[in-house]
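This is what each chain is made of:
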Amino acid sequence: MPKNNNKKRFEVQEHETIGQCLDRMKKEGYLPVRRAEEPVFREETKNGEKVMEPVSKRIVFHAVKE
């Protein structure tokens, strides 16, 4: 069964604005359909236990082919 190539995820890069990411999507022929903010965690050891600490977030757009 062929994979559906009409969907793609675009992540806002470290030194990129949301507008620049949307422009990049448009150049590739995609339209955003959903925006998601995903947390980024760092594993730390506190009192002998491993703890996941949130350190930042990443913005990801789900897009479909025009």
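### Thoughts on unusual backbone geometry
Its identity as a non-glycine residue notwithstanding, N47 has a phi of 55°, on the positive side. Note on placement: N47 falls in the loop between β2 (30-46) and β3 (49-65). Given the relative accessible area of 82%, N47 is considered exposed.

### A closer look at the sheet that holds β2
Across a sheet, strands are paired by hydrogen bonds formed along the backbone, either parallel or antiparallel in direction. With antiparallel pairing, three strands are arranged side by side in an open sheet as β1-β3-β2. Each edge of the sheet is formed by a strand with only one pairing partner; in this case those strands are β1 (7-11) and β2. Going from strand to strand, the sheet's axes swing by 30° on average, the running direction of each strand aside. As defined by bridge partners, β2 adjoins β3 across 16 bridges and the pair is classed as antiparallel. Along β3, the bridge assignment pairs K46 with E49. Packed onto the sheet, helix α1 (residues 18-27) meets β1, β2 and β3 and runs at close to 45° relative to β3.

The rules behind these values
Residues numbered from 1 in each chain as written. Predicted model: local features only at pLDDT ≥ 70, side-chain atom pairs only at ≥ 80, totals over all residues. Heavy atoms only, no water. Helix = DSSP H or I, 4+ residues; strand = E, 2+ residues; numbered from the N terminus. Buried < 20%, exposed > 50% of the residue type's maximum accessible area, 1.4 Å probe, protein only. Pairing = 2+ DSSP bridges. Axes fitted to C-alpha atoms, helices over the stretch in contact; angles between N-to-C directions. Contact = heavy atoms within 4.5 Å.

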